[in-house]
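Commentary on secondary and tertiary structure
Chain by chain, the residues run as shown.
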Amino acid sequence: MGRAGDIWGFLKVRKKWWLAPIIVVLLLLSIVLVLTQGSVLAPFIYAIF
């Protein structure tokens, strides 16, 4: 829980709650990219970015 705990502590102490949705979206996008890396959808997903 090292890095996640550090991020949570930063958000809690600095009151930067607006960063939480950005972090969640980035995590979800990275999971989607990793899971679809070897699939047929990969060229379409990479074309979006």
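See the structure above.
Here the structure is a predicted model, which is why all the values come from computation and not from measurement.

The next thing to look at is the packing of aromatic side chains. Evaluation of the coordinates by the stated rule reveals 1 aromatic pair. Each ring, one from W8 and one from W17, has its centre 5.5 Å from the other, and the planes form 65°; the classification is edge-to-face. We classify W17 as partly exposed; its relative accessible area is 41%.

With that settled, the discussion passes to unusual backbone geometry. Located in the positive-phi region is K15, a residue other than glycine, with phi close to 60°. Mapped onto the elements, K15 comes out in the loop between α1 (2-14) and α2 (19-35). Among the residues examined, K15 registers a relative accessible area of 60% and is labelled exposed.

Cut-offs used in this document
- Residues numbered from 1 in each chain as written.
- Predicted model: local features only at pLDDT ≥ 70, side-chain atom pairs only at ≥ 80, totals over all residues.
- Heavy atoms only, no water.
- Phe/Tyr/Trp six-rings, centres within 6.5 Å; stacked < 30°, edge-to-face > 60°.
- Buried < 20%, exposed > 50% of the residue type's maximum accessible area, 1.4 Å probe, protein only.
- Helix = DSSP H or I, 4+ residues; strand = E, 2+ residues; numbered from the N terminus.

None of the figures reported here should be taken as evidence of function without further support.
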